[in-house]
Amino acid sequence: MSGVLLRLACTAAVAAQAVLAPAPALAAPAPPPSVAQLLTDLQRLYRQTEQATETYNATTERLRRQRAEVARLDDELARARLTLRSGRTDAGRLARQQYQNSDGLGPYVRLLLAPDPQHALDEGHVIGELARARARTVTRLTAAEKRTDVLARAARKALDTQLGLAGRQQRQRDDVRGRLGEVERLLAALTPEQIAAVARLEQQGVAEAQRRLTTAGALPADRPATPRGDRAVGYAMDQLGKPYRWGAQGPDAYDCSGLTSQAWFHAGTPIPRTSQEQWQRLQRIPLTDLRPGDLVVYFPEATHVAMYVGGGKVVQAPRPGERVRVSPLASYPVLGAVRPDGSPGQAPATEAK
């Protein structure tokens, strides 16, 4: 065998051994997540996103009020400075008059030397009135200086608070965007079949929760809405089909509490902006007492809210990627219900579990 062929044979033998040698063991791929796990993950991310959104909404509302307070204090401080400037002008004029009219003689000496003591007494009364006027001017000037100083400190503190809230709002905005990004990444990794399966499983869960409420007698009987409740429902229903957008209060898009707060604002009864504040500050009622226009609050942290429209249904801005729609009352775990046109400050009613 020639040297060339020998080398080719050896090369072939080595290559064959490399092919036939057992490959190193590879880790088995992780099984794909189940539909139930995918639904759990999505619901967790949506809930965290909505909780972050309502926190952002609360800070935004506080920032709006704080900006109004800063503007009010700035206006009041400007008026106080004008008053102070006017008082200083008056005080300066009185000081010049006192200096120009001074002749070095005390009032008693002038009275003794006067050719007409009665006239001098009358003149002295006038002088006394002038002195009292000067004293009042000085008092007003001192008060104006103190008020200006107090307002200046209050304005500085209010502005510092505003700046702090603005920074917090920015951080919370970034938090919401980050959580929305997690939702989008999870959805982007799913096939259309997986998305459809998750949707079917979620609908089954809602139907079962609604059935349990019905069986337990927790759903309300049909009750008429109040005139304002009817207007609130009408406004909310007019928004059907508009997209959910976090932080939005209309007219083109809404988040959950943006829809309910705007509906009641247009009905003539302003209510708090966020779902947590609506739960904390409005009159709580049992689910069985619901009437159209009342609000249903969801999750233990009160991070979602919808409006009852009757027949066991609510109108709501559900979550990112969806639109305002009518849904079963049990679309999410129910915390309880509140009445915007009820009496505020009453003790909480029994909550749904």
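Conventions and cut-offs
- Just so you know, the residues in each chain are numbered from 1, in the order the chain's sequence is written.
- Note on the predicted model: pLDDT of at least 70 is required for a residue's local features to be given, and 80 or more for side-chain atom pairs to be given and counted; whole-chain, interface and lining totals, by contrast, use all residues.
- Excluding hydrogens and water, the side-chain values take into account all heavy atoms of the structure.
- Secondary structure elements are taken from DSSP: a helix is a run of H or I of four residues or more, a strand is a run of E of two residues or more, and numbering for both begins at the N terminus.
- Buried residues are those whose accessible area, probed at 1.4 Å on protein chains only, stays under 20% of the maximum for their type, while exposed residues exceed 50% and partly exposed ones sit between those limits.
- A contact between two residues is defined here by any heavy atoms of the two lying within 4.5 Å.
- Here a Phe, Tyr or Trp ring, Trp counted by its six-membered ring, pairs with any other such ring whose centre lies within 6.5 Å, and the pair is stacked when the planes are under 30 degrees apart, edge-to-face when over 60, and tilted otherwise.
- Note on geometry: axes are lines fitted to C-alpha atoms, helical ones only across the stretch in contact, with angles between N-to-C directions running from 0 to 180 degrees.
- For classification purposes, angles smaller than 35 degrees are called roughly parallel, those larger than 145 roughly antiparallel, those between 65 and 115 roughly perpendicular, and all remaining angles oblique.
- Handedness of a helix crossing follows the sense of rotation of the near helix relative to the far helix, less than a right angle counterclockwise being left-handed and clockwise being right-handed.
- What makes a salt bridge here is a side-chain nitrogen of Lys or Arg within 4 Å of a carboxyl oxygen of Asp or Glu, nothing more.
- Expected span, for any helix, means 1.5 Å times one less than how many residues it has.
- An arc is given here, and it is the one of the directions from the helix axis to the C-beta atoms.
- As a per-residue measure, pLDDT tells how confident the predictor is, with possible values from 0 to 100.

Is there a simple way to think about the environment of Pro292 in this case?
Secondary-structure assignment places Pro292 in the loop between β1 (283-285) and β2 (295-298). For Pro292, a relative accessible area of 15% gives the class buried. For Pro292 and Arg228, which are 64 residues apart along the polypeptide, the C-alpha to C-alpha distance reads 10.0 Å. Those residues in contact with Pro292, other than ones at most four positions away along the chain, are Arg223, Pro224, Ala225, Gly229, Val233, Tyr308, Val309 and Gly310.

Which parts of the structure should I look at to understand the packing of aromatic side chains?
In this description, an aromatic ring pair is defined by two values, namely the gap between the centres and the angle between the planes. On inspection of all chains with the given rule, the structure shows 2 aromatic pairs. An angle of 75° between the planes, with centres 5.8 Å apart, marks the rings of Tyr298 and Tyr332 as edge-to-face. Separated by 34 residues along the polypeptide, Tyr298 in strand β2 and Tyr332 in the loop between β5 (325-328) and β6 (334-339) bring together distant segments of the chain. In this structure Tyr332 comes out as buried when scored by relative accessible area, which is 13%. Ring centres of Phe299 and Tyr332 lie 5.6 Å apart, and the angle between their planes is 50°; this geometry places the pair in the tilted category. Of this pair, Phe299 sits in the loop between β2 and β3 (304-310) while Tyr332 sits in the loop between β5 and β6, and the two are 33 residues apart along the sequence.

Is there a simple way to think about the packing of helix α6 (residues 227-238) against helix α7 (residues 256-266) in this case?
The relative placement of two packed helices is expressed as an angle between their axes plus a distance between the axes. Close contact between α6 and α7 brings their axes to 8 Å; oriented N to C, the two are set at 130°. The pairing of α6 with α7 is recorded here as oblique in orientation. For the element pair α6 and α7, the recorded crossing hand is right-handed. From α6, Arg228, Gly229, Ala232, Tyr235 and Ala236 reach across to α7, where they touch Leu259, Gln262, Ala263, Trp264 and His266.

In this structure, what is going on with the side chain of Ser261? I would like to understand it.
Residue position: Ser261 is located in helix α7. Residue class for Ser261 comes out buried when judged on its relative accessible area of 6%. Excluding residues that lie within four positions of it along the chain, Ser261 makes contacts with Gln249, Ile271, Pro272, Arg273 and Gln278.

Would you mind showing me how to read the pattern of salt bridges here?
Any two side chains of opposite charge can pair if their charged atoms end up close together. A complete count under the given rule lists 11 salt bridges for this structure. For Glu69, the salt bridge goes to Arg72, with nearest N and O atoms at 2.7 Å. Of the two residues, Glu69 and Arg72 are both situated in helix α2 (residues 35-101); the distance of 3 residues between them amounts to about one turn of the helix. A salt bridge links Glu208 to Arg211; its shortest N-O distance comes to 2.5 Å. Of the two residues, Glu208 and Arg211 both sit in helix α5 (residues 192-215), 3 residues apart, roughly one turn of that helix. Bridged by salt links that share partners, the residues Glu202, Arg319, Glu322 and Arg325 form one connected network.

How should I be thinking about α6 in this particular structure?
A turn of α-helix holds 3.6 residues, and therefore any two residues three or four places apart point the same way. End to end, α6 covers 17 Å across 12 residues, agreeing with the expected 16 Å (1.5 Å per residue, within 8%). For α6, the complete set of buried residues consists of Gly229, Ala232, Val233, Tyr235 and Ala236. In a view along the axis of α6, the buried residues occupy a sector of 160°, so they form one face of it. Turned more than 90 degrees off the buried face of α6, the exposed positions are Pro227, Asp230 and Asp238.

In this structure, what is going on with the environment of Lys313? I would like to understand it.
With respect to the helices and strands, the residue Lys313 is situated in strand β4 (residues 313-316). C-alpha separation for the pair Lys313 and Val326, spaced 13 residues apart in sequence, amounts to 6.6 Å. The contact partners of Lys313, leaving out residues within four places of it in the chain, are Met307, Tyr308, Val326, Ser327, Pro328 and Leu329.

Please clarify how the confidence of the model for the chain should be interpreted in this entry.
Low pLDDT marks regions whose predicted coordinates should not be analysed in detail. Of the residues in the chain, 72% have a pLDDT of 70 or more, and the chain-wide mean is 76. Confidence drops under a pLDDT of 50 for residues 1-26, and excluding neighbours within four residues, the segment shows 1 contact in the predicted structure. The low-confidence segment residues 345-353 (pLDDT under 50) makes 14 contacts with residues lying over four places distant or belonging to another chain.

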